[in-house]
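Commentary on secondary and tertiary structure
Now for the letters of each chain:
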Amino acid sequence: EAVTHYRLRERFRAHTALECRLETGRTHQIRVHMAHIGHPLAADPVYGGKPRLISPEVTLALEEFNRQALHARRLGLIHPASGKPMLWKSSLPEDMEDLIATARTLAFEAHALADAAKQAKIMAAEAEAASIMKVQQALADAMRMLNENAPNDQVIKLKALEALEKVADGKATK
């Protein structure tokens, strides 16, 4: 049975960088396991499945990448003939560094846009609350004036109150 351990290294907008450690060494093991759990490797033409909804910048970066987004930073094994442990290390290739840089930039921009949208929503809610408070104050002032000018005319007060409530609800007509 093939076993792959993985952990999240970095989260981007539509992708994540993972670190995988294999207990076994089956052909395409990482690619198959990641696809099986619904997270195929970016740019994997065999196990990648349907492309996710991503920006044109990431689409272009993946098209230019021209291979699946998989890199063996460290590879170790026991030599089958000598029984000696073998270890190889490799830096991240430039094309993968570029792909990750593009994903980081777009993730940063997406977070900035989301933060701006949240701030705009807060500001709109604050403006709405201020408008409601102004309407409430206008209603209170109008009722006070009605009480002062027509203290005994309940019909006028009721019609004025209904009109003011329509204005407060945004249902007033011209």
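Residues numbered from 1 in each chain as written. Predicted model: local features only at pLDDT ≥ 70, side-chain atom pairs only at ≥ 80, totals over all residues. Heavy atoms only, no water.

**Comments concerning the packing of helix 2 (residues 56-65) against helix 3 (residues 94-149)**
Viewed as axis vectors pointing N to C, helix 2 and helix 3 meet at an angle of 175°, and their least axial separation amounts to 10 Å. By the angle class used here, helix 2 and helix 3 are roughly antiparallel. Residues Glu-57, Val-58, Ala-61, Leu-62 and Phe-65 of helix 2 touch helix 3, and the partners they reach there are Asp-95, Met-96, Leu-99, Thr-102 and Leu-106. Per-class residue counts for the contact of helix 2 with helix 3 are 7 nonpolar, 1 polar and 2 charged. (Axes fitted to C-alpha atoms, helices over the stretch in contact; angles between N-to-C directions. Helix = DSSP H or I, 4+ residues; strand = E, 2+ residues; numbered from the N terminus. Parallel < 35°, antiparallel > 145°, perpendicular 65-115°, else oblique. Contact = heavy atoms within 4.5 Å. Nonpolar A, V, L, I, M, F, W, Y, C, P; charged D, E, K, R; others polar.)

**With respect to the nonpolar core**
With 13 residues, the main nonpolar core has Phe-12, Val-58, Leu-62, Phe-65, Met-96, Leu-99 and Ile-100 as its most contacted residues. No other element matches helix 3, which puts 6 residues into this core. Phe-65 has contacts with Ala-43, Asp-95, Met-96 and Leu-99, leaving out every residue within four places of it along the chain. (Core = buried A, V, L, I, M, F, W, Y, C linked by side-chain atoms within 4.5 Å. Buried < 20%, exposed > 50% of the residue type's maximum accessible area, 1.4 Å probe, protein only.)

**Describing the pairing of strand 2 (residues 16-22)**
A regular strand places its side chains so that they alternate between the two faces of the sheet. Two elements, strand 1 (residues 4-11) and strand 2, share 7 bridges in a ladder whose sense is antiparallel. Opposite His-5, over in strand 2, you have Arg-21 as the bridge partner. Hairpin connection between strand 1 and strand 2: a loop of 4 residues separates the two successive antiparallel strands. (Pairing = 2+ DSSP bridges.)

**A short note on the side chain of Arg-31**
Tracing the sequence through the fold places Arg-31 in helix 1 (residues 29-36). Of the residues examined, Arg-31 reaches a relative accessible area of 9% and is grouped as buried.

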